[in-house]
Amino acid sequence: MTRRDMKKQSIAQYLFISMAAFLFLACSQEEEDEKANVPVPLKVVINNGQSSLTRATLSGLSTEFEADDTIGIFIANYNYTRYENVPYVFDGTNWNLAEGEYVPERVSFLEECEYFAYYPYSKSFDGWWPYYYDRDNDGDCTADEFFYNVISSWKPKADQSTKANFNASDLMVGKGTIVSAANGTVSFTLDHKMGLVRMELFNANGGLVTEISSSSSELFSPADTHIPFKVGYEFYYIAKPDVETPYKFLPPVNYLSLQESAVTPTAGHVSYISFVIY
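K.L.:
What's the story with the pattern of salt bridges in this structure? I'm lost.
P.N.:
Side chains that carry opposite charge are capable of pairing whenever their charged atoms lie near each other. Tallied over the full model, the rule gives seven salt bridges. Across the pair Lys 175 and Asp 140 runs a salt bridge, and its minimum N-O distance is 2.6 Å. In this pair, Lys 175 sits in strand 6 (residues 172–175) while Asp 140 sits in the loop between strand 5 (114–119) and helix 2 (143–146), placing the two residues 35 residues apart along the sequence. Put simply, Lys 193 and Asp 144 hold a salt bridge, and the shortest N to O gap is 3.0 Å. Placement of the pair is Lys 193 in the loop between strand 9 (191–192) and strand 10 (195–202) and Asp 144 in helix 2, with a sequence separation of 49 residues. Its relative accessible area of 13% is what places Lys 193 among the buried residues. Residue class for Asp 144 comes out partly exposed when judged on its relative accessible area of 36%. Overlapping salt bridges bring together Glu 114, Asp 140 and Lys 175 as one network.

Structure below.
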């Protein structure tokens, strides 16, 4: 083999090695690009556990979500909503994307978007659909602005003697904070948009009555339709804020007459009413 042939062979080997290295790097970059383009599923975190003294559950006045509670998620970019009213269900530990008709199989985390959540979940809102709207033109759409139509048209259940009706009346909304873009985690703190009325019963001497066998429906006049939820020896009613709500209490003692009282609650706060039971 001549020197010239050896030189040609060396050049050919060099070109082959260079081409192989180039193809390897190109493939590696393509794999990295594909990994980078894989959407990260949204991970929802709610921070309300025992943080707000405005909801009466089995744990008293603390806000505690229970298994099967469902929230709705909206993901919006200015006036364009990417995901609408996607239900997430609490399993007792985590919030998971619900399964069912019209529910997407996957919700991707979108860093350029804003996140809004509300409770309790509703499929229709009775026609009052939320939308992205910066009402005060300050460059930021708050949860109250996004859910403005929902909040203003919300009607608590008249008969809240059951836990289901009581919880279904407790409207809460919040705007998400991105905790980690890498794993798609968005955290929400939901604020109560209704007021809570707490009712206690006292005896003729002013002592608090702590043993009551009668139900809410027996003690509060159905004709008035404002029937509270009984928790132990106390009664709770979720009411429209800034609106006077009357209550009619019928003591289970023949010689005591019907008692009436009213209160105007404030959103996210507790108002108190007392009645004399005997």
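K.L.:
Help me out: how do you make sense of the packing of aromatic side chains in this one?
P.N.:
Aromatic ring pairs are described here by two measures, namely the spacing of the ring centres and the angle between the planes. Here the structure, examined in full by the defined rule, presents 17 aromatic pairs. A connected cluster of aromatic rings, assembled from ring pairs, spans Phe 74, Phe 116, Tyr 118, Tyr 121, Phe 146 and Phe 147.

K.L.:
Would you explain unusual backbone geometry in this entry?
P.N.:
Look at the link from Tyr 119 to Pro 120: it is a cis peptide, with omega at 0°. Inspection of the secondary structure puts Pro 120 in the loop between strand 5 and helix 2. We note that Asp 68 has phi near 85°; this positive angle belongs to a residue other than glycine. Its place among the elements puts Asp 68 in the loop between strand 1 (43–46) and strand 2 (70–77).

K.L.:
What is the right way to look at the environment of Asp 140 in this model?
P.N.:
Residue Asp 140 is classed as partly exposed on the basis of its relative accessible area of 31%. Each C-alpha atom of the pair Asp 140 and Tyr 78 lies 9.5 Å from the other, and the pair is 62 residues apart in sequence. Here the side chain of Asp 140 touches Lys 175 through a polar contact of 2.6 Å, side chain to side chain.

Cut-offs used in this document
- Residues numbered from 1 in each chain as written.
- Predicted model: local features only at pLDDT ≥ 70, side-chain atom pairs only at ≥ 80, totals over all residues.
- Heavy atoms only, no water.
- Salt bridge = Lys/Arg side-chain N within 4 Å of Asp/Glu carboxyl O.
- Helix = DSSP H or I, 4+ residues; strand = E, 2+ residues; numbered from the N terminus.
- Buried < 20%, exposed > 50% of the residue type's maximum accessible area, 1.4 Å probe, protein only.
- Phe/Tyr/Trp six-rings, centres within 6.5 Å; stacked < 30°, edge-to-face > 60°.
- Polar contact = N/O pair within 3.5 Å; in protein donor to acceptor, adjacent residues only side chain to side chain.

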